[in-house]
Amino acid sequence: MTEPNTARPMVRMAAVDKFFGPLHVLKEITLDVPQGQVVVVLGPSGSGKSTLCRAINRLEPIDSGLIEVDGRPLPAEGKELARLRAEVGMVFQSFNLFAHKTILENVTLAPIRVRKQPAAEARTTALELLERVGITSQADKYPAQLSGGQQQRAAIARALAMRPKVMLFDEPTSALDPEMVQEVLDVMTGLAAEGMTMLVVTHEMGFARKAAHRVIFMSDGEVVEDSTPEEFFTAPKSGRAKDFLGKIL
Ligand code: ADP
Ligand code: MG
């Protein structure tokens, strides 16, 4: 496991509050993620895990508090926001590939449009990334022609093409058939080993134990526990975490 650089917080959240109408979904969240740290976010459905991820690349605006990525506050809009989104890669449960573009085009699109990379250079990088996630032979196919596991690996390659400083994964394997879960986790484990800063919402406890430096347990919009995987799985402190583990393990 690579060691995080604790002198450089890549994501910083301070007293972040978020409401959906009367519903208080993020309650005073304060959280620093150092460069190179892999954080697994656990918690029951509805506890605010997705909202937390979405707030970090401003897919959801927050109501109060501060979020910084690599030392810079989240911009509200415009070019600055586009640049931030490029720095924060996101992979969702549903693969979200562009259905009418090939896998290669899916990966080159944003680097060409947003990063203004020359097409040939974007293509070379894309092919390297497809190789890294093990789907080079699928480059000219359309998303619907790939298995779910291959599509999710393509989605990871697409996010990496923007050279993100941090990767957010929101239940990346939850929609996959069981036999395809491991191939996606393997790609994520590889990224973690290379020192990528990652925030991963997942129910894959094997991944949490093996790849995470840190486990955060959320319940009702709060961070209830923040510990090492070993502490969390062997000696959870709160009743809520014990209940949760009792249901999933
Ligand atoms: P999790 O990912 O942990 O399941 P979410 O972050 O998706 O939780 O949701 C947290 C709470 O916010 C839930 O009660 C959910 O119903 C609510 N919620 C999420 N998105 C919206 C939205 N766009 N509008 C209103 N309520 C929402
Ligand atoms: Mg969710």
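This write-up is about the structure you can find in this document. If you're wondering where the values come from, they're calculated on a predicted model, not measured in any experiment.

Structural notes on the side chain of S238
Okay, so step 1: Summarising the element assignment, S238 is placed in the loop between helix 8 (229-234) and helix 9 (239-248).
Okay, so step 2: For S238, the side chain forms a polar contact with the main-chain nitrogen of A241, separated by 3.1 Å.
Okay, so step 3: Residues within four places of S238 in sequence aside, it is in contact with V224 and E225.

Section: the site of ligand 1
Okay, so step 1: The immediate surroundings of ligand 1 are formed by F20, L23, V25, P44, S45, G46, S47, G48, K49, S50 and T51.
Okay, so step 2: The side chain of K49 places a nitrogen or oxygen atom 2.7 Å from an oxygen atom of ligand 1.
Okay, so step 3: Between ligand 1 and the protein, one listed contact pairs an oxygen atom with a side-chain N or O atom of T51 at 2.5 Å.
Okay, so step 4: Protein burial of ligand 1: of its 560 Å² of free accessible surface, 59% is covered by the chains.
Okay, so step 5: Of all the elements in the fold, those that place two or more residues in the shell around ligand 1 are strand 2 (23-35) and helix 1 (49-56).

Focus: the environment of R12
Okay, so step 1: Here R12 is to be found in strand 1 (residues 5-20).
Okay, so step 2: Linking R12 and D32, residues 20 residues apart in sequence, is a C-alpha distance of 4.4 Å.
Okay, so step 3: Contact partners of R12, with chain neighbours within four places excluded, come to L31, D32, L66, I67 and E68.

A look at the nonpolar core
Okay, so step 1: By size, the foremost hydrophobic cluster in this structure holds 49 residues, and its most contacted members are L42, I156, M167, F169, M188 and M198.
Okay, so step 2: Here the element with the most residues in this core is helix 6 (residues 178-193); it accounts for 8 residues.
Okay, so step 3: With residues near it in sequence (within four places) discarded, M167 still touches G89, V91, I156, A159, L160, M196, T197, M198 and L199.
Okay, so step 4: In this structure, I29, V33, V69 and L81 belong to the second largest nonpolar core, which totals 27 residues.

Looking at the sheet that holds strand 5 (residues 72-73)
Okay, so step 1: Spatial ordering of the open sheet is given by 2-1-4-5, a layout of 4 strands whose pairing is antiparallel. On the outer flanks of this sheet lie strand 2 and strand 5, each paired with one strand and no other.
Okay, so step 2: Both strand 1 and strand 4 (residues 64-69) contribute to a ladder of 5 bridges, which runs antiparallel. When the sheet's bridge partners are listed, D17 is paired in strand 4 with S64.

With respect to the environment of R113
Okay, so step 1: With respect to the element layout, R113 can be found in helix 3 (residues 103-113).
Okay, so step 2: Here the alpha-carbon distance between R113 and I248, two residues 135 residues apart in the chain, equals 43 Å.

Parameters and conventions
Residues numbered from 1 in each chain as written. Chains lettered and ligands numbered in written order. Predicted model: local features only at pLDDT ≥ 70, side-chain atom pairs only at ≥ 80, totals over all residues. Heavy atoms only, no water. Helix = DSSP H or I, 4+ residues; strand = E, 2+ residues; numbered from the N terminus. Polar contact = N/O pair within 3.5 Å; in protein donor to acceptor, adjacent residues only side chain to side chain. Contact = heavy atoms within 4.5 Å. Near = heavy atom within 4 Å. Areas by Shrake-Rupley, 256 points an atom, 1.4 Å probe, with all protein chains shown as cover. Core = buried A, V, L, I, M, F, W, Y, C linked by side-chain atoms within 4.5 Å. Buried < 20%, exposed > 50% of the residue type's maximum accessible area, 1.4 Å probe, protein only. Pairing = 2+ DSSP bridges.

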